[in-house]
Amino acid sequence: MGSLGVWVPGLPVVSALVIFCFLRGTRLAARISVAALTITLILAVALLIRYLATGDVAIIDSQGVFGSLWLDPLSLVLWAFVSGISLIVHIYSVRYMVEEPGYARFFALLDLMTGVILVMVSAANLVTLLVAWFLVGVVLYFLLGHDHRRPAAGRYAFWTQITYRFGDLPLWFAALILVHCYHSTSLPVIFARIEEAPHMRLWGMPVPELTGFMLALAAFARSAQFPLHTWLPYTMDGPTPVSALMHAGIVNAGGFLFNRFAPLFEHAGWALHWAFGVGLMTALIGSGLMLLQNDIKRSLGYSTMGQMGFMVMECGLGAFPLAVFHLIAHGFFKASLFLGAGDVIGDARAHDGVPPDPIYTSVVERRPAKPSRLPWVVAAGLTVLVPVVVLSLSHFFVAEHLFYEQGVVVLLFFGWVTGAQALFAAHKMSHQDPWRLMLGILASFVVVVIGYTLISHYFGRLLYPDEHESLMLYRAASIHRLSFDALVMLLAAVFVGGWALTFFAESLELGAKFGGRGRGIYLGIYALLSRELYVADIYERLGQLVVQGSRRLNVWLRWC
């Protein structure tokens, strides 16, 4: 297992070096690159299957401070995922980039990025992790700025680099504290010593809490959490394959970091609470900003921001394996969306969908005077009760021992809100047979929930075979029982009240009564979101102030 494991991250790096040294300016580079990634994927899948059959965890020790690899379930799963996504991007790039300058260099950088990510997710010591974490940002800078003819590409690549370097600082501080307190750079050794002394203190603060906050901040910067998100939507001037790889694999690094340091976060409850709050805020803001975009790639960028918020929120709830499952599902989904964005843009330019004449417009926009819908009592009962019953039963029978944990309850709550919103939207649709429409939505919802519950449960068993570890993570993410119950009831009342208000809005003619004031509030919110909450403007102004201050300092000190 160890000898094969070296070649999984090694093959892409070797391929990159061969292309850089011998194949620059030739199209043979693409074939070499695709062949190397194909073999890498085969090896990664073979190692994962071997682990499933034997359950053996291996550590490849380089006998030095750098290069040790940890072949545990998290590493093997992410190896298969990253190599699979990268192979798809490589195959897509063979023809997509064929007319672009720097064709061979692009494939060499893709290979190098893949190899560095594979090293990062399997690092067995802090030095290897820090070096790979840093190199991901460096290689991404060159990939985003691949087209030197576009000034915007270089500008936003630099913006990304600055954000990544800011996020590197807390990770370096966390590593220094861990080495200072536990006298080792080996991650398995550090985790074992944390388990032996979980209440160790430094500067009057618990070491797991202190390092947990720093690791969370590093994950926020890498996974575009608010307000460190501005780099992500503006990187669309890079090549489309780079966008696919970045949104499918690189931006997910925050979820990996939480899972890699899961033994530490078992004793860092406040850091998990912080992650939950930041992730929830990011999910809401990212999803809202996504709806206002008129550029498909930027819309996908804000969609990724929202999904990364959900991923971090899941970590904040203690559902670490669910975050990895979310990471993988979102990766394949978002990669396919980015790789298909060009076709969508081309079709929109060729067929803009504008009706050719006013008669056609009147026919298309005609709506039935009396839409056929379910009675509102029936619709309300189905909307509120069915998701609760389906979600509760599915989770209760699959994982009864975790059913009463607060993190699971919050996940069920969000599942209930999502399912109820889908049923509510289906109720508002006009249809000749509303019962058939609602039953179809219900059947799809049941299938999705049961499948998702089963897959996430067994996936969690794969990543964390010790159920006590999963239970400890949920316990660390818990808050006071009374506060938790009050919060859940308050949120439930807000959501149910919002649905009820929407149900009766038409019959009570609320739009006519509050038309002027309501429209003013709506336009204010729209203006705020259309300017992306002015976060980018604030950063730009801060940058100008720094430059002005540095100029005055130079004049005062007579440096120039």
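To be clear, the structure that these remarks concern was listed above.
Residues numbered from 1 in each chain as written. Predicted model: local features only at pLDDT ≥ 70, side-chain atom pairs only at ≥ 80, totals over all residues. Heavy atoms only, no water.

Asker: Which residues make up the overall build of the protein chain, and what values go with them?
Answerer: When you go through the protein chain residue by residue, the secondary structure sums to 23 helices and four strands. Looking at the protein chain as a whole, 48% of its 560 residues are labelled buried. Carbon and sulfur atoms make up 68% of the accessible area of the protein chain, which amounts to about 27,600 Å² in all. (Helix = DSSP H or I, 4+ residues; strand = E, 2+ residues; numbered from the N terminus. Buried < 20%, exposed > 50% of the residue type's maximum accessible area, 1.4 Å probe, protein only. Areas by Shrake-Rupley, 256 points an atom, 1.4 Å probe, with all protein chains shown as cover.)

Asker: Would you mind going over the packing of helix H9 (residues 240-250) against helix H13 (residues 296-316) in detail, with residue names and values included?
Answerer: The contact between H9 and H13 brings their axes to 11 Å, and the two run at 15°. If you check the angle between H9 and H13, you find them roughly parallel. Classified by chirality, the crossing of H13 by H9 is left-handed. Within the contact between the two elements, H9 uses Thr240, Ser243 and His247 and H13 uses Lys297, Leu300, Gly301 and Thr304. (Axes fitted to C-alpha atoms, helices over the stretch in contact; angles between N-to-C directions. Parallel < 35°, antiparallel > 145°, perpendicular 65-115°, else oblique. Left-handed = near helix turned anticlockwise from the far one by under 90°. Contact = heavy atoms within 4.5 Å.)

Asker: Lay out a nonpolar patch on the surface in plain terms, naming residues and giving numbers.
Answerer: A surface patch of nonpolar side chains, about 510 Å² in accessible area, is lined by Leu528, Tyr534, Ile538, Tyr539, Leu542 and Leu545. Examining the composition of the nonpolar patch, we find that four residues originate from one element, helix H23 (residues 535-557), more than from any other. Note on placement: Ile538 falls in helix H23. Ile538 sits in the partly exposed class, given a relative accessible area of 46%. (Patch = residues over 30% accessible without salt bridge, like charges linked within 9 Å, V, L, I, M, F, W, Y side chains within 5 Å. Salt bridge = Lys/Arg side-chain N within 4 Å of Asp/Glu carboxyl O.)

Asker: Outline the nonpolar core, listing residues and values.
Answerer: One finds Trp79, Phe258 and Phe261 to be the most contacted residues of the largest nonpolar core, which totals 134 residues. For this core, the leading source of residues is helix H4 (residues 103-121), giving 14 residues. Each residue touching Phe258, except ones within four places of it in the same chain, is listed here: Ala216, Ala219, Phe220, Phe265, Ala275, Val312, Cys315 and Phe320. (Core = buried A, V, L, I, M, F, W, Y, C linked by side-chain atoms within 4.5 Å.)

Asker: So what's going on with the packing of helix H8 (residues 207-222) against helix H12 (residues 269-291)? Residues and values would help.
Answerer: Direction vectors running N to C along H8 and H12 enclose 25°, while the axes themselves pass 8 Å from each other. Put simply, H8 runs roughly parallel to H12. Note on packing geometry: the crossing formed by H8 with H12 is right-handed. Residues Glu209, Gly212, Phe213, Ala216, Leu217 and Phe220 of H8 form the contact with H12, whose participating residues are Gly269, Trp270, Ala271, Trp274, Ala275 and Val278.

Asker: Please set out the environment of Asp72 residue by residue, giving values where relevant.
Answerer: With respect to the secondary-structure elements, Asp72 resides in the loop between strand E2 (69-71) and helix H3 (73-96). Overall, Asp72 belongs to the buried group, its relative accessible area being 9%. As for Asp72 and Gly55, which are separated by 17 residues in sequence, their C-alpha atoms are 9.2 Å apart. The contact partners of Asp72, leaving out residues within four places of it in the chain, are Val57 and Arg260. Looking at Asp72, its side chain comes within polar contact range of the side chain of Ser75, at 2.7 Å. (Polar contact = N/O pair within 3.5 Å; in protein donor to acceptor, adjacent residues only side chain to side chain.)

Asker: I'd like a description of unusual backbone geometry, backed by residues and values.
Answerer: With the exception of glycine, the majority of residues adopt a negative phi angle, and the majority of peptide bonds are in the trans configuration. Each neighbour pair has its own omega, and for Phe226 with Pro227 the value is 5°, a cis peptide bond. With respect to the helices and strands, Pro227 occurs in the loop between H8 and H9. One non-glycine residue, Tyr534, lies in positive phi territory at about 60°. Summarising the element assignment, Tyr534 is placed in the loop between helix H22 (515-530) and H23.

Asker: Tell me about H8, residues and numbers included.
Answerer: Between the first and last C-alpha of H8 there are 23 Å, a value that for 16 residues agrees with the 22 Å anticipated at 1.5 Å per step. In terms of burial, H8 is a largely internal element, 14 of the 16 residues being buried. Just downstream of H8 lies Ala224, where phi reads positive at about 55°. (Expected span 1.5 Å × (residues − 1).)

Asker: Provide a residue-level description of the packing of aromatic side chains, including the pertinent values.
Answerer: With the rule as written, the count across this model stands at 13 aromatic pairs. For the pair Phe106 and Phe107, a centre-to-centre distance of 6.0 Å together with 85° between the ring planes defines the contact as edge-to-face. Phe107 carries the same exposure label as Phe106, and that label is buried. Note on Phe258 and Phe265: the rings are 5.0 Å apart at their centroids and 35° apart in plane angle, and the pair reads as tilted. Overall, Phe265 belongs to the buried group, its relative accessible area being 1%. Within the aromatic cluster, the residues linked to one another by ring pairs are Trp70, Phe191 and Phe261. The positively charged end of Arg222 is found above the aromatic ring belonging to Trp133, 4.2 Å away from the centroid. (Phe/Tyr/Trp six-rings, centres within 6.5 Å; stacked < 30°, edge-to-face > 60°. Lys NZ or Arg CZ within 6 Å of the ring centre and 35° of its normal.)

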